[in-house]
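Here is how the chains run, residue by residue.
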Amino acid sequence: MDIEEFRVHGKEMIDIICDYYANVNKLPPMSKVKPGYLFKLLPRQAPETPESFDEIQQDMRTKIMPGITHW
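Fair warning: this is a prediction, and the values are worked out from it, not measured in the lab.

1. Focus: the environment of Cys18
Part 1 of the reasoning: For Cys18, the position within the fold is in helix H1 (residues 3-23).
Part 2 of the reasoning: Look at Cys18 and you get partly exposed, because its relative accessible area is 46%.
Part 3 of the reasoning: Distance in space between the C-alpha atoms of Cys18 and Ala46 is 29 Å, their sequence separation being 28 residues.

2. Here we look at the environment of Met65
Part 1 of the reasoning: Within the element layout of this structure, Met65 appears in the segment after helix H3 (53-64).
Part 2 of the reasoning: Between the C-alpha atoms of Met65 and Ser31, which are 34 residues apart in sequence, the distance is 8.7 Å.
Part 3 of the reasoning: Filtering out sequence-adjacent residues up to four positions away, Met65 remains in contact with Tyr20, Met60 and His70.

3. Brief notes about the packing of aromatic side chains
Part 1 of the reasoning: For the coordinates displayed, the defined rule picks out one aromatic pair.
Part 2 of the reasoning: On the basis of an interplanar angle of 80 degrees and a centroid distance of 5.3 Å, the ring pair of Tyr20 and Tyr21 is categorised as edge-to-face.
Part 3 of the reasoning: Looking at Tyr20, the relative accessible area reads 23%, which means it is partly exposed.
Part 4 of the reasoning: Take Tyr21: its relative accessible area is 61%, and that puts it in the exposed class.

4. Quick word on a negative patch on the surface
Part 1 of the reasoning: Negative charge collects at one region of the surface, where Glu12, Asp15, Asp19, Glu51, Asp54 and Glu55 lie side by side.
Part 2 of the reasoning: Mapped by element, the contributors of at least two residues to the negative patch are H1 and H3.
Part 3 of the reasoning: By residue number, the principal contributor to the negative patch is H1, which donates three residues.
Part 4 of the reasoning: Residue position: Asp54 is located in helix H3.

5. Observations regarding the pattern of salt bridges
Part 1 of the reasoning: Tallying each qualifying case throughout the model produces two salt bridges.
Part 2 of the reasoning: Lys63 serves as the salt-bridge partner of Asp59, at 3.3 Å between the closest nitrogen and oxygen. In this pair, Asp59 and Lys63 are both assigned in helix H3, four residues apart and thus about one turn of the helix distant.

About the criteria used
- Residues numbered from 1 in each chain as written.
- Predicted model: local features only at pLDDT ≥ 70, side-chain atom pairs only at ≥ 80, totals over all residues.
- Heavy atoms only, no water.
- Helix = DSSP H or I, 4+ residues; strand = E, 2+ residues; numbered from the N terminus.
- Buried < 20%, exposed > 50% of the residue type's maximum accessible area, 1.4 Å probe, protein only.
- Contact = heavy atoms within 4.5 Å.
- Phe/Tyr/Trp six-rings, centres within 6.5 Å; stacked < 30°, edge-to-face > 60°.
- Patch = residues over 30% accessible without salt bridge, like charges linked within 9 Å, V, L, I, M, F, W, Y side chains within 5 Å.
- Areas by Shrake-Rupley, 256 points an atom, 1.4 Å probe, with all protein chains shown as cover.
- Salt bridge = Lys/Arg side-chain N within 4 Å of Asp/Glu carboxyl O.
- Lys, Arg positive; Asp, Glu negative; His and termini not counted.
- Charge placed at Lys NZ, Arg CZ, Asp CG, Glu CD.

Below is the structure:
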């Protein structure tokens, strides 16, 4: 990732964080997943090539956020 890509993705992350805080009151306060759910969703080994920013964001939305407690 070059410096300009970093700049673009950094601004995207700020928007994502601001959207989260602006809408946190609409999210369920307690996680609805069972402890250990994430272990099954993650690969056993780190990828050999970097994932795209979009893939990382998709993982955050579909794998990480369901396990977060919002309060």
